[in-house]
Amino acid sequence: MGTAHAEITVGFVTSQSGPGSSIGVLYDRGMKAALEYATSIGEEKIKLIQLDDGSDPSAASATRASSSRRTRSTC
């Protein structure tokens, strides 16, 4: 019988559109580069979830709140 392996979910909200996208797009690229470098920690796979807030801070808060209701959040 095999051992069950956990999955580590890393989520972040950044601006992929709107006036703040010039910074958000670079942040997104950095996160994806890090994931390509290390796709696991030990035997636990890393899953990356990225959400676009459209450069609207109130949208970021609402998106994070709805996302944390669906999954366990540590941030």
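The rules behind the values
Residues numbered from 1 in each chain as written. Predicted model: local features only at pLDDT ≥ 70, side-chain atom pairs only at ≥ 80, totals over all residues. Heavy atoms only, no water. Helix = DSSP H or I, 4+ residues; strand = E, 2+ residues; numbered from the N terminus. Buried < 20%, exposed > 50% of the residue type's maximum accessible area, 1.4 Å probe, protein only. Contact = heavy atoms within 4.5 Å. Areas by Shrake-Rupley, 256 points an atom, 1.4 Å probe, with all protein chains shown as cover. Expected span 1.5 Å × (residues − 1). Arc of directions from axis to C-beta.

Enquirer: How should the overall build of the protein be read in this particular structure?
Expert: From N to C terminus, the protein includes 2 helices and 3 strands. In the protein, the succession of helices and strands from N to C terminus is β-α-β-β-α. Each of the 75 residues in the protein was classed as buried or not, and the buried ones make up 13%. Of the contacts made within the protein by residues no fewer than 6 positions apart, 61% connect residues no fewer than 24 positions apart. Summed over its atoms, the accessible surface of the protein is roughly 5,600 Å², and 55% of this surface lies on carbon and sulfur atoms.

Enquirer: Mind showing me how you'd approach helix α1 (residues 21-37) here?
Expert: Residues lying three or four places apart along an α-helix face the same way, a consequence of the helix completing one turn every 3.6 residues. For α1, with 17 residues, the first-to-last C-alpha span of 24 Å sits near the 24 Å given by 1.5 Å per residue. Taken residue by residue, α1 has S21, G24 and D28 as its buried positions. Take α1 and look down its axis: the buried residues cluster within an arc of 60°, on one side only. In α1, the exposed positions angled more than 90 degrees off the buried face are occupied by S22, I23, L26, R29 and Y37. In this structure, the buried side of α1 is in contact with β1 (7-14) and β3 (44-52).

Any functional reading would require information beyond the geometric quantities listed.
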